[in-house]
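Architecture and fold: a report
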Amino acid sequence: MKNPGDTAYFVEERSRQLWLAMRRYMATAPLINIHDALCHVVNQPAPRFWVSEERASAVVSSIIRGGSLEGMHPLKREMFEEIHRRVILLRQQRPESCLFELVKEVVWQPAPKYYLSPLTARRLYYHYRMTLEKRPIHLRWNASSSTAHSSSTR
């Protein structure tokens, strides 16, 4: 379980992917309203589900045992329900696989959206942008390339 102050291993990559999606959107928009841009981007497909395999496995296991997602933020609930739906489909194809392996595979699949509110996306976007501005110029270019920090390294 996560302790206060801990950050997940994927936080920087999630922020980077969000930042890249915003840059792609802003490159195509003639007039940019940051709120509208964020609303658009958070509903675009994401490269993966931005949750740790451990957390997703615990929640999916709870759902399978009949646990409730009441009280969970609606976007988080929607994300876990989608992960659960995919795990059940995958389990039908591979019943011999353990739950954690199935969840791990699903978490690394492309997600239908970012499952972030525009407000959270705004915070992540500006925080990432500020960290880029503090980096030396040669590292900024690397961060904006689509091949930097490849998400294929798991």
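Everything below is about the structure shown above.
Below or above, wherever it landed, is the structure these notes cover. Here the structure is a predicted model, which means the values were calculated and not measured.

Section: the packing of helix α1 (residues 11-28) against helix α6 (residues 118-134)
Packing of α1 against α6 leaves a shortest axis separation of 9 Å and a crossing angle of 95 degrees. It follows that α1 is roughly perpendicular to α6 by the angle criterion. On α6, the residues that touch Glu12, Arg14, Ser15, Arg16, Leu18, Trp19, Met22 and Met26 of α1 are Ala121, Leu124, Tyr125, Tyr128, Arg129 and Leu132. Among the residues forming the contact of α1 with α6, the class breakdown is nine nonpolar, one polar and four charged.

Considerations on unusual backbone geometry
In this structure, Tyr115 is a non-glycine residue whose phi angle is positive, near 55 degrees. Here Tyr115 falls in the buried class, since its relative accessible area comes to 8%.

Regarding the environment of Arg23
Among the secondary structure elements, Arg23 is positioned in helix α1. Classification of Arg23 as partly exposed rests on a relative accessible area of 41%. Considering only alpha carbons, one finds Arg23 and Ala37, 14 residues apart in sequence, at a separation of 9.8 Å.

Conventions adopted
Every chain is numbered independently, its residues counted from 1 as its sequence is written. This being a predicted model, a pLDDT of at least 70 is required before a residue's local features are given, and a value of 80 or more before pairs of side-chain atoms are given or counted; all residues contribute to the totals for chains, interfaces and linings. Neither water nor hydrogens contribute to the side-chain values; these are computed over all heavy atoms in the structure. In this analysis an axis means a line fitted to C-alpha atoms, helices contributing only their contacting stretch, and an angle means the value between N-to-C directions, from 0 to 180 degrees. Helix and strand assignments follow DSSP, with helices taken as H or I runs no shorter than four residues and strands as E runs no shorter than two, numbered in order from the N terminus. Angles are sorted into four bins: roughly parallel if under 35 degrees, roughly antiparallel if over 145, roughly perpendicular if 65 to 115, and oblique for all others. Working rule for contacts: check all heavy atoms of both residues, and any pair within 4.5 Å makes them a contact. We call Asp, Glu, Lys and Arg charged. Ala, Val, Leu, Ile, Met, Phe, Trp, Tyr, Cys and Pro are nonpolar, and the rest, Gly among them, are polar. For every residue, the accessible area (1.4 Å probe, protein chains only) is compared with the maximum for its type, and the residue is labelled buried under 20%, exposed over 50%, or partly exposed between those bounds.

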